[in-house]
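Residues per chain, in single letters:
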Amino acid sequence: MTSFDIRRIGGRIGAQILGVDLSEDLDDRLVGELNTALLAHKALFFRDQTLDDSGQLRFAARFGELTTAHPTVPSVEGQPHILPVDGEEGVRANRWHTDVTFVRTPPKASTLRALVVPPYGGNTLIANTAAAYTDLPGPLREFADRLWAVHTNDHDYAEPRNRAAAERRAVFTSRRWRTAHPVVRVHPESGERGLFIGGFAQHLLGFGADESRDLLRVLQSYVTRPENTVRWAWAPGDLVLFDNRITQHYAPDDYGDLPRRLHRVTVAGDVPVGADGGRSRVLEGDEAAHYTPAAVA
């Protein structure tokens with residue numbers, strides 16, 4: 001039994017949490033129950049919350065030490081841990097990805113809070129990469145267990161379509177990282193295996209460009225199967241908490257020139273570990289200590 005109600009949204013991912021006011025001080029037992037629910041459902045959704053920036057920061061910090069907003073993109077003014085997610089046309093992140101996988105220690109979890117949402121469109125889709133791994137045919141799972149992918153921020157997940165997008169890309173890539181991660185990551189808490197790829201994974205170690213593209217496309221197709229995803233229609237005040245270690249997410253560009261603004265706060269993660277026990281390693285760049293607490297090698 002939990003001290004709140006859980007309403008499942010999707011068959012394989014996603015649950016709405018009822019009966020929790022995130023603006024209150026949450027005790028350790030409640031936070032532990034929420035963490036257990038997060039491990040089970042991968043993404044938790046909270047409606048009708050009254051959080052401000054400080055409240056979102058306080059809630060996210062109950063799950064671990066926070067990162068700064070982003071390795072290169074500026075934060076909300078005066079809030080170094082909050083990333084503004086603005087739906088400006090031409091710079092929208094409408095590509096499946098896991099947050100900040102181009103560094104060695106990507107975030108453990110992400111929180112998104114809705115400030116301004118369009119009257120239609122502007123949803124967020126989240127995918128369960130553990131279910132995707134389970135769906136793979138046995139020989140493909142065994143093959144994927146041995147693969148490593150190079151993730152980089154030099155290929156932005158929002159392709160420049162105008163001057164604003166080009167300027168954003170210049171900021172996004174102002175410092176460059178290339179990191180080798182296992183294609184199959186073992187979750188440090190649940191022990192589940194999930195496909196750790198997405199938009200920043202650009203090629204596979206030991207394979208050429210064409211082979212890498214084809215293999216990643218096949219693996220990614222399992223992640224984005226409809227049965228492995230959940231879709232959330234935002235309302236102002238909503239907060240979503242998702243496990244960045246075993247999900248991907250996507251924001252469809254389907255709301256024209258209407259405004260959409262979210263605030264993102266991320267919880268610092270650890271070094272991904274593959275099925276063979278191998279740990280992620282930096283190929284270019286540094287440990288991004290200005291962004292996330294450095295993990296012990």
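Calculation rules
- Sequence positions are assigned chain by chain, starting from 1 and proceeding in written order.
- Owing to the predicted nature of the model, reporting of local features is limited to residues with pLDDT of at least 70; listing and counting of side-chain atom pairs is limited to 80 or more, with chain, interface and lining totals taken over all residues.
- The side-chain quantities take in all heavy atoms of the structure and omit both hydrogens and water.
- Secondary structure elements follow DSSP: runs of H or I of four or more residues count as helices, runs of E of two or more count as strands, with numbering from the N terminus.
- Only C-alpha atoms enter the radius of gyration; for comparison, a globular chain is expected to reach 2.2 Å times N to the power 0.38, where N is the number of residues.
- In this scheme, a residue with accessible area under 20% of its type's maximum is buried, one over 50% is exposed, and one in between is partly exposed, where area comes from a 1.4 Å probe on protein chains only.
- Note on definitions: a residue-residue contact is assigned when non-hydrogen atoms from the two residues lie within 4.5 Å.
- Residue exposure ignores everything except the shown protein chains as possible cover, and the areas themselves are Shrake-Rupley values with a 1.4 Å probe.
- Neither His nor the chain termini are counted; the positive set is Lys and Arg, and the negative set is Asp and Glu.
- Where a charge lies is defined by one atom per residue type: Lys uses NZ, Arg uses CZ, Asp uses CG and Glu uses CD.
- Think of a 1 Å grid over just the protein atoms. A cavity is a set of points where a 1.4 Å probe fits yet cannot get out, a pocket is an open set with protein on both sides within 12 Å along at least five of seven lines, and lining residues have an atom within 4 Å of a point.
- Grid points are joined across faces, edges and corners, and a volume is the space filled by probe spheres set on the points.
- When residues are sorted by character, Ala, Val, Leu, Ile, Met, Phe, Trp, Tyr, Cys and Pro go into the nonpolar class, Asp, Glu, Lys and Arg into the charged class, and all the rest, Gly among them, into the polar class.
- Between Lys or Arg on one side and Asp or Glu on the other, a salt bridge is scored when a side-chain nitrogen of the former is within 4 Å of a carboxyl oxygen of the latter.
- One bridge is not enough; two strands pair if DSSP finds at least two bridges between them.
- A fitted line through C-alpha atoms serves as each axis, taken over the contacting stretch for helices, and the angle formed by two N-to-C directions is quoted from 0 to 180°.
- The definition of a nonpolar core used throughout is a set of buried Ala, Val, Leu, Ile, Met, Phe, Trp, Tyr and Cys residues joined through side-chain atoms within 4.5 Å.

Enquirer: Which parts of the structure should I look at to understand the overall build of the protein?
Expert: When you go through the protein residue by residue, the secondary structure sums to six helices and 16 strands. In terms of C-alpha radius of gyration, the protein reaches 18 Å, essentially the compact-globule figure of 19 Å for 297 residues. With respect to the principal axes defined by its C-alpha atoms, the protein has extents near 50 × 50 × 35 Å. The buried share of the protein, taken over its 297 residues, is 52%. Considering only residue pairs separated by 6 or more positions, the protein has 83% of its internal contacts joining residues 24 or more positions apart. For the protein, the exposed area adds up to about 12400 Å²; of that, 50% sits on carbon and sulfur atoms. When the 34 positive and 39 negative side-chain charges of the protein are each reduced to one mean point, those points stand 4 Å apart.

Enquirer: Looking at this model, I keep getting lost on the layout of surface pockets. Mind explaining?
Expert: Summary: where empty space remains is shown by rolling a probe the size of a single water molecule over the atoms. For the second largest pocket, the calculated volume is near 200 Å³. If you trace the second largest pocket, you find it lined by Arg95, Trp96, Ile197, Gly198, Gly199, Ala201, Gln202, Arg213, Leu216, Arg217 and Gln220. Elements supplying a minimum of two residues to the lining of the second largest pocket: β11 (201–204) and α6 (209–223). Classifying every residue of the lining of the second largest pocket gives four nonpolar, four polar and three charged.

Enquirer: What exactly am I supposed to notice about the pattern of salt bridges here?
Expert: Side chains bearing opposite charge may pair, as long as their charged atoms lie close to each other. Within this structure, the stated rule accounts for 21 salt bridges. Arg178 is the partner of Glu284 in a salt bridge, and the nearest nitrogen-oxygen pair spans 4.0 Å. Taken together, the residues span a long stretch of sequence, with Glu284 in strand β16 (residues 281–284) and Arg178 in strand β8 (residues 178–182) at a distance of 106 residues. Taking relative accessible area as the criterion, Arg178 reaches 22% and is therefore assigned partly exposed. Of the charged contacts in the structure, one is a salt bridge between Asp243 and Arg245, with a shortest N-O distance of 2.9 Å.

Enquirer: What is the right way to read the environment of Phe242 from this model?
Expert: Mapped onto the elements of the fold, Phe242 is located in strand β13 (residues 239–243). On the basis of relative accessibility, which here comes to 0%, the residue Phe242 falls in the buried class. Distance from Phe242 to Thr2, taken between C-alpha atoms, is 19 Å for residues 240 residues apart in sequence. When sequence neighbours within four positions are dropped, the list of residues in contact with Phe242 reads Leu38, Lys42, Ala43, Asp99, Ala109, Ser110, Leu112, Ile126, Thr247 and His249.

Enquirer: Teacher, can you tell me more about the environment of Gly10 here?
Expert: For Gly10, the position within the fold is in the loop between β1 (5–8) and β2 (15–18). The exposure class assigned to Gly10 is buried, which follows from its relative accessible area of 14%. In the structure, Gly10 is positioned 218 residues away from Asn228 in sequence and 8.3 Å away in space, judged by C-alpha atoms.

Enquirer: What's the story with the sheet that holds β2 in this structure? I'm lost.
Expert: Remark on secondary structure: sheet strands pair via backbone hydrogen bonds, oriented parallel or antiparallel. Taken in spatial order, the seven strands make up an open sheet running β1-β2-β3-β13-β5-β15-β4, and their pairing is mixed. With one partner strand each, in any of the chains shown, β1 and β4 (83–86) form the two edges of the open sheet. Adjacent strand axes in the sheet meet at a mean angle of 25° when their direction is disregarded. Against the sheet, helix α1 (residues 28–41) touches β1, β2, β3 (43–46) and β13, its axis set at about 120° to β3. The strands touched by helix α2 (residues 53–61) within the sheet are β3, β5 (109–116), β13 and β15 (261–267), with β15 carrying the most contacts at an inclination of about 30°.

Enquirer: Please explain the nonpolar core as it appears in this structure.
Expert: Generally speaking, soluble globular proteins have nonpolar side chains that are buried together. In this structure, Leu22, Leu26, Leu34, Leu44, Phe46, Phe59 and Leu241 are the most contacted members of the largest nonpolar core, which totals 26 residues. Of all the secondary-structure elements, those providing two or more residues to this core are β2, α1, β3, α2, β13 and β15. For this core, the element with the highest residue contribution is α1, accounting for five residues. Leu147, Val183, Val184 and Tyr222 belong to the second-largest nonpolar core, a separate cluster that totals 19 residues.

Enquirer: Teacher, can you tell me more about the pairing of β5 here?
Expert: In regular strands, side chains alternate between the two faces of the sheet. With six of eight residues buried, β5 is to be regarded as a mostly interior element. Where β5 and β13 come together, five bridges link them in antiparallel fashion. Looking at β13, one finds that Thr111 is bridged to Leu241. Sheet topology places β5 next to β15; seven bridges connect them, and they run antiparallel. Bridge pairing in β15 places Leu112 opposite Arg264.

The values reported here are purely geometric and, on their own, carry no functional implication.
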